[in-house]
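Below are the chains, spelled out letter by letter.
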Amino acid sequence: MNKISYWMIAMCAGLLTACSPTSHTQVVDLFPDGDFGRYWDVYLGIPHPRVEVPGYSDSIRAAQEPLGLGHDPLGVFEVVEVDGEPLIRISGQVYGCLTSRTSYSNYHFSWEFKWGDAVWPPREQLPMDSGILYHCSGPQGAFGTYRSWMSSVECQVEAGDCGEYWSLAGAYADIASAENSGVEGEPFRFDPDGSPRTFARSHLGGVGPVCHESRDVEHPKGEWNRGEIYVLGDQSIHLINGEVVMALQNIRKSDGETETPLTSGFIQIQSEGAEIFYRNLKMEPITHFPEGWASKAGFSGGEIDG
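Cut-offs applied
Counting from 1, residues in each chain are numbered in the order their sequence is written. Since the coordinates come from a predicted model, pLDDT governs what is reported: local features require at least 70, and pairs of side-chain atoms require 80 or more to be given and counted, while whole-chain, interface and lining totals use all residues. Each side-chain value is derived from all of the structure's non-hydrogen atoms; neither hydrogens nor water enter the calculation. Helix and strand definitions follow DSSP, with helices as H or I runs of at least four residues and strands as E runs of at least two, each counted in order from the N terminus. Each residue is assigned to one of three classes by its accessible area relative to the maximum for its type, calculated with a 1.4 Å probe on protein chains only: buried under 20%, partly exposed between the two thresholds, exposed over 50%. It only takes one pair of heavy atoms within 4.5 Å for two residues to be counted as in contact. Space inside and on the surface of the protein is sampled on a 1 Å grid over the protein atoms alone, with a cavity defined as a set of points where a 1.4 Å probe fits but cannot get out and a pocket as an open set with protein on both sides within 12 Å along at least 5 of 7 lines; lining residues have an atom within 4 Å of a point. Grid points are joined across faces, edges and corners, and a volume is the space filled by probe spheres set on the points. Under the scheme applied here, ten amino acids are nonpolar (Ala, Val, Leu, Ile, Met, Phe, Trp, Tyr, Cys and Pro), four are charged (Asp, Glu, Lys and Arg), and all others, including Gly, are polar. At least two DSSP bridges between two strands are required for those strands to pair. Any carboxyl oxygen of Asp or Glu that lies within 4 Å of a side-chain nitrogen of Lys or Arg is treated as forming a salt bridge with it. Side-chain rings of Phe, Tyr and Trp, where Trp is taken by its six-membered ring, are said to pair if the distance between their centres is within 6.5 Å; with planes under 30 degrees apart they count as stacked, over 60 as edge-to-face, and otherwise as tilted. We count a charge as sitting over a ring when the NZ of a lysine or the CZ of an arginine lies within 6 Å of the ring centre and within 35 degrees of the ring normal.

Participant: Just give me the short version of the overall build of the protein, but keep the residues and values in it.
Facilitator: The secondary structure content of the protein amounts to three helices and 20 strands. Counting over 306 residues, the protein shows a buried share of 54%. Summarising the internal contacts of the protein: among those between residues at least 6 apart in sequence, 66% fall at separations of at least 24.

This is how it looks when you write it as structure tokens:
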């Protein structure tokens, strides 16, 4: 989609509130005036058995019904003010997500995050976890034991693994990669000079659903980090704190029989058992990757036009 048609849609959705008529780039604030409800919907999956939720009866739990859209009795997603600044606090108490109300293509999405202290079952003894899911499609709650997320590819936000890739519910990609050592269950890491491999579950012909980021560039706990995703067609680049740590090509989805290229979709911000804070959620359209990013990602032919 070109820039003009993208912003015709964006205007209909009221997305130009942060744009100046004379600006060269049209950056949209997706957390304007401390209000995430303008651009995001809350969805929550099935609560863990050790998490008590008002109104979630034993019969509902036995039926394995998710809390669903717009039902957040525990305040998993809320706006808090810290030092005069509004932040999105995600408690992590129930698996779920914020889902964008708009489907995006050809964009640069950026955000800042830092970890809180609270952890919840079943991840009390595991690294603190969240994530940015993109090219999301299909029904809510299609993926996960707790029916938590849509079919998508993930830019991991996890302590020690920020920028890592995961495949969710039939969406997957090809990644230049090399053998990884010392990380159990993650035999490959992103390497722009490595061999191309398909990262999906084995029934879709992949080597596995996860590819480790090239290296850990996360700041120490308590400090803010900056994450970025550049998406152009069926390719994407993950950056953490200004460094390319992952690049995807041939992003696609399969129902087990038919493959479909993925070039657009919704965005989800995960709640996954750990307290995390987000701020500065920004979206802007792009027609090419920034200078140098394509080569650092290992994409052939240098910069790629949209």
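Participant: So, the layout of surface pockets: which residues are in play, and what are the values?
Facilitator: Its boundaries defined by the atoms lining it, the largest pocket holds a volume of some 390 Å³. In this structure, the largest pocket is lined by 24 residues; those nearest its centre are Arg123, Asp129, Phe143, Trp166 and Glu272. At the level of elements, β9 (151-158) and β10 (165-168) are the ones that each hand at least two residues to the lining of the largest pocket. Split into classes, the residues belonging to the lining of the largest pocket amount to nine nonpolar, six polar and nine charged.

Participant: How would you explain the pairing of strand β2 (residues 40-44) if you had to name every residue and give the values?
Facilitator: Two faces, one strand: in a regular strand the side chains alternate between the faces of the sheet. Of all five residues that make up β2, four are buried, and the element is covered over most of its length. Examined bridge by bridge, β2 and strand β6 (residues 96-100) share five bridges and lie antiparallel to one another. By the bridge assignment, Tyr43 is partnered in β6 with Cys97. In terms of strand pairing, β2 meets strand β3 (residues 68-69) through two bridges, oriented antiparallel. Bridge pairing in β3 places Leu44 opposite Gly68.

Participant: Describe in detail the pattern of salt bridges, supporting the description with residues and values.
Facilitator: Within this structure, the stated rule accounts for 16 salt bridges. In this structure, Arg123 and Asp129 form a salt bridge, with 3.6 Å as the shortest nitrogen-oxygen distance. An identical accessibility class is assigned to Arg123 and Asp129; each is buried. A salt bridge links Glu259 to Arg252, with the nearest nitrogen and oxygen atoms 3.4 Å apart.

Participant: Lay out the sheet that holds strand β14 (residues 210-211) with the relevant residues and their values.
Facilitator: Strand order in the open sheet formed by eight strands is β3-β2-β6-β19-β8-β9-β10-β14, with antiparallel pairing between adjacent strands. Every other strand in the sheet has two partners, leaving β3 and β14 as the edge strands with one partner each. Alignment of β6 against strand β19 (residues 266-271), held across four bridges, turns out to be antiparallel. From the neighbouring strand, Cys97 faces β19, where its bridge partner is Gln270.

Participant: Give me the lowdown on the packing of aromatic side chains, citing residues and values where you can.
Facilitator: Following the criterion strictly, the structure yields ten aromatic pairs and no others. Relative to Phe109, the ring of Trp40 has its centre 6.4 Å away and its plane inclined at 50 degrees; by these criteria the two rings are tilted. Of the two residues, Trp40 is situated in strand β2 and Phe109 in strand β7 (residues 107-119); the sequence distance between them amounts to 69 residues. Judged on exposure class, the residue Trp40 and its partner Phe109 are both buried. Members of the aromatic cluster, each reached through a chain of ring pairs, are Trp40, Phe109 and Trp111. Positioned over the ring face of Trp224 is Arg279, at 3.9 Å from the centre of the ring.

Participant: Outline unusual backbone geometry, listing residues and values.
Facilitator: Going from Pro121 to Pro122, the amide bond is cis rather than trans, its omega being 10 degrees. Position of Pro122 relative to the elements: it lies in the loop between β7 and β8 (129-137). With a phi close to 50 degrees, Arg147 is a non-glycine residue in the positive phi region. Mapping Arg147 onto the fold places it in the loop between β8 and β9. The partly exposed category is assigned to Arg147, whose relative accessible area is 37%. Unusually for a residue other than glycine, Asn250 sits at a positive phi of about 55 degrees. In this structure, Asn250 sits in strand β17 (residues 243-254). Exposure remark for Asn250: the relative accessible area of 38% places this residue in the partly exposed category.

Participant: Break down the environment of Gly227 for me, with residues and values.
Facilitator: One can find Gly227 in strand β15 (residues 225-232). Spatially, the C-alpha atoms of Gly227 and Gly163 are 7.8 Å apart, while their sequence positions differ by 64 residues. Ignoring any residue separated from it by four or fewer positions in sequence, one finds Gly227 in contact with Phe109, Ser110, Trp111, Leu239 and Ile240.

Participant: Report on the pairing of strand β11 (residues 171-179), specifying residues and quantitative values.
Facilitator: Burial analysis of β11 places eight of its nine residues in the buried class, the great majority of the element. Of the strand pairs in this sheet, β11 and β17 are connected by three bridges, and their pairing is antiparallel. The residue of β17 that forms the bridge with Tyr172 is Arg252. Pairing between β11 and strand β13 (residues 195-199): five bridges, direction antiparallel. Considered in β13, the bridge of Asp174 is made with Thr198.

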